[in-house]
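# Close look at the chain arrangement
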Amino acid sequence: MAAARLLQAAVPRFSRCRSLGKADPRTSLLSGQLYGTLIAPEGNEAVDPNVINDKLITEALKNPDFFNVKELISLKNLFDARVHLGHKIGCRHRFMVPYIFGCRLDQDIINLDQTMEHLQLALNFTAHVAYRKGIILFVSRNRQFSHLVENTARDCGEYAHTRYWHGGLLTNAHVHYGDGIRLPDLLIFLSTMNNAFEPHVAIRDAAKMHIPTVGVVDTNCNPSIITYPIPGNDDSPSAMQLYCRLFKMTITRAKNKRKQMEVLYRLQDKADSS
Amino acid sequence: MATLSWSRSASRSRAWQLLAVAKRGCTSSQGAGDSPATDASPPDPEQQHRGLSDLDAGPQQVPSSNVESFASMLRRSPLIQMGPAKDKMVIGQIFHIVEDDLYIDFGGKFHCVCKRPEVDGEKYKRGSKVRLKLVDLELTSRFLGAKTDTTLLEADAVLLGLLESRDMRRKK
C-alpha cells in the first residue's frame, strides 16, 4: 500500500526528543484504522496483535470520558492561572467573539465556562490519540516558552517543534526526508501565532495533510481550521505552565492505560485459550 | 419534616430575591443575570438565614468554593475590583533580570520591564518584591493602514522602589 505510513527507524528531525529504535508493526495499524481497508484475517497466531488492538480500541470508545480527563481541570485552577485574560479590544479577531465573555476597560475576558468544555474535549482527544500510539507534535513559536514546551514534550515521550517552520515540512515531507516517512498524528499548538503575528503555517499544512490539530487560541488568533480550539490566554507564564502540565498528564495517563489494557487482554486471551 | 420546611422557606427566599432583582430593573446586566443561576444550587441552611434578611445584597455567595461560577470569581477578582489601571499602586515580583532590565510580574496578563534604579540598585534580585505604579496593562496601538492593533506584549509601569517590610521600617 503506497499510501501506508511505515515507521522510519532513524530519529525524526522534528526535535531532539526520544529516538524510535525498533519498528513496531502495531503502529502501522493506526493508519490501517484511519483508511479502514485493513481487515484482520481469522484464526491465525500472527493475528493476535490486530485482534487485541481492535478490542482495546473498541473498549476505549465505550465511555465518553474513558481517561477521566474531567478531574484534571477545574474552574478555579484556570482562573488562578490567568487563562481568562485576553488582549485589548483592538487586537480582537472576529472569529473569537463567540468565545469572549466580555470586555472590561478595553481588555477582552475569555469565557472560562466555554474554555472548560473545549479543554475537556481537546484533552480527551489527545488521550485517545496517545492511547492508540499516535505521534504527537507540540508546536509553539512563542520564544518565552519554547524551553518549557520542549521539556514537556520530552517528559511525555513525544515531539516538539519550537523553531522556524520551513515551508514543506509536512506537505513536502517525502522530498525532505525520503519515502516512508511517518507524519505526526496530532499537532498541539501552545500558541497559534508566529513571531509576525500571523497564523502559524503548520495550522494550514496540517489541515491539508488531514492531521487533526489542538490549539490554544487567544483573542487575537483565528480558530477557524483548528480541529479542537481551546480559547485561552497564551501569553502568561502561569497559563502556559498549566497547559503543558495538563497535556503531559493526559498523555502519560493514556500511555499507562494502554499498557495496562494490553497486559489485561493478553492475560484474558491466555486464560481463554488454555 | 425538616426537609419540607427547608424547601418551602428556600423557595420563599428565592422568590424574594427574584422580586428584588426585578425591582432593581436589572441595571447591572451580568450580575443580575447570574443571580438566578447561582441561586439554583440546592438549598443550604446558611443561604436561607441570609436570604430573608439580605434582600438588597447582590447575587448570594454560594458557601462551597467548588460551585462558585466564573462570573462571580471574575467580579471579585482584584483585576476587576481595581478598575482602570492608570496610576494604581501594585506589588510585583521580579522573575528575570538582563543586566539593567528588570522583568516584573504583577499579576496581569503581561509583565512589565523597568530599568534598574540608581538607588539601591544591587538589591534588585530575582524574586524580590517591588512597588509599581501602573500606566497600562498592555501596550497596544493602531498604526496607519493596519487592520488590527500592534501589541508589544508588555505592560507599562513605573518602578517606585523595593517593598519595604515592617522589620526595615522598625529599624528606621
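Residues numbered from 1 in each chain as written. Chains lettered and ligands numbered in written order. Predicted model: local features only at pLDDT ≥ 70, side-chain atom pairs only at ≥ 80, totals over all residues. Heavy atoms only, no water.

In the annotation of an unreviewed UniProt entry, the entry for chain B reads Mitochondrial ribosomal protein S28, and the organism field reads Pelusios castaneus.

Taking an unreviewed UniProt entry as the reference, chain A is identified by name as Small ribosomal subunit protein uS2m belonging to Pelusios castaneus. A UniProt comment under Function (unreviewed entry) is attached to chain A, and it reads "Required for mitoribosome formation and stability, and mitochondrial translation." Listed in UniProt under the heading Sequence similarities (unreviewed entry), the comment for chain A reads: "Belongs to the universal ribosomal protein uS2 family." (UniProt positions renumbered as here; feature names shortened; annotations may be inferred.)

### Considerations on the pattern of salt bridges
Residue and element names in this part refer to chain A. Taken as a whole and judged by the stated rule, the model has 24 salt bridges over all chains. Notably, a salt bridge pairs Lys 248 with Asp 155, separated by 3.5 Å at the nearest N-O pair. With Lys 248 in helix α8 (residues 237-273) and Asp 155 in helix α5 (residues 146-155), this pair connects stretches of sequence that are 93 residues apart. Judged by relative accessible area, Lys 248 falls into the partly exposed class, the value being 27%. Relative accessible area serves as the criterion here: at 42%, Asp 155 is assigned to the partly exposed category. In this structure, a network of salt bridges that share partners links the residues Lys 133, Arg 258, Glu 262 and Arg 266. (Salt bridge = Lys/Arg side-chain N within 4 Å of Asp/Glu carboxyl O. Helix = DSSP H or I, 4+ residues; strand = E, 2+ residues; numbered from the N terminus. Buried < 20%, exposed > 50% of the residue type's maximum accessible area, 1.4 Å probe, protein only.)

### Quick word on the nonpolar core
In a soluble, globular protein the nonpolar side chains are often hidden away together inside. Residues and elements named next belong to chain A. With 51 residues, the main nonpolar core has Phe 138, Leu 190 and Phe 247 as its most contacted residues. Beyond its immediate sequence surroundings of up to four residues, Phe 247 is in contact with Leu 123, Thr 126, Phe 138, Ile 188, Leu 190, Val 214 and Ile 230. Formed by 24 residues, the second largest nonpolar core is a distinct cluster that contains Val 139, Tyr 159, Phe 189 and Cys 221. (Core = buried A, V, L, I, M, F, W, Y, C linked by side-chain atoms within 4.5 Å. Contact = heavy atoms within 4.5 Å.)

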